[in-house]
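Descriptive structure summary
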Amino acid sequence: FPLAAQRNGITPLWASEISPPAISITKRHFPQMAHLGSITELHGGNIPSVDILTFGSPCQDLSLAGTRSGIEGEQSSLFFEAIRIIEEMRCATNGIYPAITIWENVVGAFSSNDRMDFAAVLGAFTHYQIPVPDSGRWATAGMVRGYTPDLAWRTLGAQHFGIPQKRRRIFLVCDYRAQRAAQILFEPERLYKVFPAGAAGGLAAAPGAGNGPAAAGWPPSEIYALQGRKLRGAAVTKDKSQFYGGFGHPNDAVPTLLTSDLQVIFAHFPSSPQDDFVRYLTPTEYELLMGLPLGWTETGHDGRRISETARYFALGNSIAVPCADYLMFKMSLSIRNPPILANKNPPV
């Protein structure tokens, strides 16, 4: 989020983080940002107030690949700490700050705890009891309309924003001042800005990029992004069909990058199968698949190299930057051109 904000003329002021490598990486790229420490030790009235507050509370208890203990789980319950800080900041500033908040999380939040967790999320933001829809399922996009706050959510997939990773995430926008949530999330806008190459902006293009494997002296190949959990489960049950299915489709987008279950690829050369190989994706490839500039996580603010384990962990915990770019671009437009407030109807 800080990178996307800076690209779109929004100044990142501070962060709450406890992972030393993540803090060091952020300090390197945003030396002006303050690091306030654990969210559990902060009070919203005692920290710098902000126009926009973004957070992605821990997903381990909500994810389909996690514990599924729900939003009250040991890690995902930090969501309520962020809500507390928002309320404290609004109280201390007479409701002026923050103007907008963004919450990001896994799509498992729609279904965890018999679908009641997402109802709890909506209720925490709006102070209304929002019922589960009659269908019994939460839609991948929706809104809670009222005078204040105005809230909308939408599921964005990274592969639809220009990077080959199947990373679907919920992005929820809560607007405390006007009715901009739908404008930010649902009204399409073209990203006119072309970010510069290199660490200051976009991705640095390698020499000969775009010419395919032939330019590197390799014969035509098929790349398979292996689905580790599916393969391991099929191996245990000796399900041959499911095991082959775990290879995925050639040259398809990779599954969601995680913090610990590293992505494995299989390269097949039809004309020379003796050259076939299997390997892990590198941290640099992870950066590209998250839409980050090359080398973004390579070193910290002190010039020391970040370990590969820490880089994988930080990248797996990150968000797809193009999705954040879109949101911050729309955010900058909406703040400069806010819509007129509608009448004070109760939420629907």
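In case you missed it, the structure is sitting above this.
Residues numbered from 1 in each chain as written. Predicted model: local features only at pLDDT ≥ 70, side-chain atom pairs only at ≥ 80, totals over all residues. Heavy atoms only, no water.

**As for the environment of P250**
Here is the rule: The helix and strand labels rest on DSSP assignments: H or I over at least four residues marks a helix, E over at least two residues marks a strand, and numbering proceeds from the N terminus. We call two residues in contact when some of their heavy atoms are within 4.5 Å.
Here P250 is to be found in the loop between α7 (240-245) and β10 (254-255). C-alpha of P250 to C-alpha of H268: the two residues are 18 residues apart in sequence and 9.0 Å apart in space. Discounting chain neighbours no more than four positions away, the residues touching P250 are E222, I223 and Y224.

**What to know about the pattern of salt bridges**
Stated precisely, the cut-off is as follows: Definition used for salt bridges: Asp or Glu carboxyl oxygen within 4 Å of a side-chain nitrogen of Lys or Arg.
This model, assessed by the stated rule, comprises 14 salt bridges. In this structure, K166 and D252 form a salt bridge, with 2.8 Å as the shortest nitrogen-oxygen distance. Taken together, the residues span a long stretch of sequence, with K166 in strand β7 (residues 165-166) and D252 in the loop between α7 and β10 at a distance of 86 residues. Residue R232 pairs with D261 through a salt bridge whose shortest N-O separation is 3.1 Å. Taken together, the residues span a long stretch of sequence, with R232 in helix α6 (residues 228-237) and D261 in the loop between β10 and β11 (264-268) at a distance of 29 residues. The network of salt bridges with shared partners includes E81, R84 and E88.

**What about the sheet that holds β11?**
Sheet strands pair by backbone hydrogen bonding; their relative direction is either parallel or antiparallel. Put simply, the rule reads: A pair of strands counts as paired when DSSP detects no fewer than two bridges linking them. Angles shown run from 0 to 180 degrees and are taken between the N-to-C directions of axes, each axis being a line fitted to C-alpha atoms and, for helices, limited to the stretch in contact.
On the basis of which strands lie adjacent, the open sheet formed by three strands has the order β9-β11-β12 and antiparallel pairing. With partners counted over all chains shown, the strands left at the sheet margins are β9 (222-226) and β12 (277-280), one partner each. For this sheet, the mean inter-axis angle between neighbouring strands, taken without regard to orientation, is 25°. Where β11 lies against β12, four bridges are found, and the strand directions are antiparallel. Bridge pairing links I265 to R279 in β12.

**Re helix α2 (residues 20-29)**
Basically, it comes down to this: Accessible area is worked out with a 1.4 Å probe on protein chains only. A residue is then buried under 20% of its type maximum, exposed over 50%, and partly exposed in between.
Among the residues making up α2, those that are buried are A22, I23, S24, I25 and H29. If you follow the buried residues of α2, they end up packed against β2 (34-35) and α9 (308-316).

**Observations concerning the side chain of R90**
Where we set the bar: As used throughout, the charge tally considers Lys and Arg to be positive and Asp and Glu to be negative, leaving His and the chain termini uncounted.
As for its position among the elements, R90 is in helix α3 (residues 79-92). No salt bridge forms around the buried R90; measuring N to O, its nearest opposite-charge neighbour E87 is 5.6 Å away. Residues in contact with R90, not counting those within four places in the same chain, are G95, I96, Y97, P98 and Y176.

**Structural notes on the packing of aromatic side chains**
Note the following rule: When the centres of two rings from Phe, Tyr and Trp lie within 6.5 Å, Trp using its six-membered ring, the rings pair. Their planes under 30 degrees apart give stacked, over 60 give edge-to-face, and anything left gives tilted.
For the structure shown, the criterion picks out 17 aromatic pairs. Between F55 and F79, the aromatic rings sit 6.0 Å apart at their centres with planes inclined by 35°, giving tilted as the arrangement. With F55 in strand β3 (residues 52-55) and F79 in helix α3, this pair connects stretches of sequence that are 24 residues apart. Between F79 and F80 the ring centres are 5.1 Å apart and the planes differ by 80°, which places this aromatic pair in the edge-to-face class. Look at F79 and you get buried, because its relative accessible area is 0%. Taking relative accessible area as the criterion, F80 reaches 29% and is therefore assigned partly exposed. Counting every residue linked through ring pairs, the aromatic cluster contains F55, F79, F80, W103 and F125.

**Examining unusual backbone geometry**
The omega torsion across Y97 and P98 is -10°, close enough to zero to call that bond cis. Tracing the sequence through the fold places P98 in the loop between α3 and β4 (100-106). A positive phi angle, close to 55°, is found at N94, a residue other than glycine. Tracing the chain through its elements places N94 in the loop between α3 and β4.

**Some details on the packing of α3 against helix α4 (residues 116-126)**
As a reminder, the rule being used: We call two directions roughly parallel when the angle between them is under 35 degrees, roughly antiparallel when it is over 145, roughly perpendicular when it lies between 65 and 115, and oblique otherwise. Left-handed describes a crossing in which the near helix is turned anticlockwise from the far one by less than a right angle; the clockwise case is right-handed. Under the scheme applied here, ten amino acids are nonpolar (Ala, Val, Leu, Ile, Met, Phe, Trp, Tyr, Cys and Pro), four are charged (Asp, Glu, Lys and Arg), and all others, including Gly, are polar.
The geometry of α3 relative to α4 is characterised by a closest axis approach of 10 Å and an angle of 15° between their N-to-C directions. Accordingly, the angle class assigned to the pair α3 and α4 is roughly parallel. Two packed elements cross with a definite hand, and for α3 against α4 that hand is right-handed. Of α4, the residues touching α3 (which contributes F79, F80, I83, I86 and E87) are V121, A124 and F125. Residues belonging to the contact of α3 with α4 are distributed by class as follows: seven nonpolar, no polar and one charged.

**A few points about the nonpolar core**
For clarity, the cut-off: As used here, the term nonpolar core means buried Ala, Val, Leu, Ile, Met, Phe, Trp, Tyr and Cys residues forming a set that is joined through side-chain atoms within 4.5 Å.
Formed by 30 residues in total, the largest nonpolar core has its most connected members in W103, F118, L122, F125, W153 and L172. Secondary structure elements with two or more residues in this core: β3, α3, α4, β6 (150-157) and β8 (168-175). Counting residues in hydrophobic clusters, the runner-up holds 24 residues, among them I100, V173, L327 and M328.

Worth remembering: the numbers are spatial, not functional.
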